[in-house]
Amino acid sequence: MNITVFGASGGTGSHVAALAAQRGHHVRAVYRQAPAEPPAGTETLTAPDVLDPGFALLAVKGADAVVSAAGPNFTTRHNPRTAMTSPPDLHQRLARTLVAAIRDSAPQARLICVSTASMGPADAVMGPAPRLLFRFLRTVAVPNLGRVGHDLTAMEEELAASGLDWHAPRPVKLTDGPLTRNVRAGDRVTLKPVSRADLAWHII
């Protein structure tokens, strides 16, 4: 398969690109800055502005699957208690850009965008106790989580209106743990963390 990975420098995207290449897929790994050591067997695409429509058309052309594993940037990596340095609507804007590009140059491609179960998009399918817990976390304890959740909810709305073959996996808590290949997906929210490596394995 031809797979394009946006956010290939991130914790999940780097695993997606590497695992896909290891399985023999043709991988276009998209970066804002050229990586020092891109995953072996991948084609590297670099653009300072990944939201540029022309670049997105080039990146997804002929793809069978497009994966968006882009995440928000904070002053301290993976620490939402520090200042957010990426646009607050990054996910929504990227989804909109990718939807338009796929319609034009890869209409049969599947679009997979990493979402979340803890910051808003999954509120309707979780019980009252976890919903109240997560609402407290993202509104009182760590407001940046609420900002990211709002953006991811808007991203999922863009996907739902796209008419494309799309998926939005919603991990509750991501870790930097090892690849176990022990992943279960379902429609019910469980308060179990999953490693970024295992999420990437599930996506592939």
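Residues numbered from 1 in each chain as written. Predicted model: local features only at pLDDT ≥ 70, side-chain atom pairs only at ≥ 80, totals over all residues. Heavy atoms only, no water.

**With respect to the pairing of strand β4 (residues 65-68)**
Condition: A 1.4 Å probe rolled over the protein chains alone gives each residue an accessible area, and that area as a share of the maximum for its type sets the label: buried under 20%, exposed over 50%, partly exposed in between. Runs of E in the DSSP output that reach at least two residues are strands. Runs of H or I that reach at least four are helices, and both are numbered from the N terminus. In this analysis, strands are considered paired if DSSP registers two or more bridges between them. The handedness of a crossover follows from its direction of travel: if, with the strands pointing away from the viewer, the path from the first strand over the helix to the second runs clockwise, the crossover is right-handed.
Taking every second residue as pointing to the same face, both faces of β4 are buried, with A65 and V67 on one and V66 and S68 on the other. Bridge count for strand β1 (residues 2-6) against β4 is 4 bridges, and the pairing is parallel. By the bridge assignment for β4, V5 is matched with V67. Pairing of β4 with strand β5 (residues 110-113) involves 4 bridges; the strand directions are parallel. Paired with A65 across the strands is R110, a residue of β5. The β-α-β motif built from β4, the intervening helix α3 (residues 90-105) and the parallel element β5 has right-handed crossover chirality.

**Structural notes on helix α6 (residues 196-203)**
What counts here: Two residues form a contact once any of their heavy atoms are found within 4.5 Å.
Of all 8 residues in α6, 6 are buried, a share of seventy percent or more. The elements touched by buried residues of α6 are α1 (11-22), β4, β5, β7 (173-175) and β8 (193-195).

**Concerning the sheet that holds β4**
Strand pairing within a sheet occurs via backbone hydrogen bonds; the two strands may be parallel or antiparallel. Counted only if it meets this: Here an axis means a line fitted to C-alpha atoms, over the contact stretch when the element is a helix, while the angle between two N-to-C directions is reported on a 0 to 180 degree scale.
Taken together, the 6 strands give an open sheet; going across it, the order is β3-β2-β1-β4-β5-β6, and neighbouring strands pair in parallel fashion. The open sheet has two free edges, formed respectively by β3 (42-46) and β6 (165-167), since each of these has just one partner strand. The mean inter-strand angle of the sheet, taken between neighbouring strand axes irrespective of direction, is 20°. In the sheet, β5 pairs with β6 via 3 bridges, with the strands oriented parallel.

**Digging into the environment of V67**
Its place among the elements puts V67 in strand β4. It is 7.4 Å that separates the C-alpha atoms of V67 and I3, two residues lying 64 residues apart in sequence. Setting aside anything within four residues of it in sequence, one finds V67 in contact with I3, T4, V5, F6, V16, I112 and I203.

**Considering unusual backbone geometry**
Phi at H78 is positive, roughly 60°, even though this residue is not glycine. Mapped onto the elements of the fold, H78 is located in the loop between β4 and α3. The class of H78 is partly exposed, set by a relative accessible area of 40%. With phi around 65°, R181 is a residue other than glycine that occupies positive phi space. Looking at the element boundaries, R181 is found in the loop between β7 and β8.

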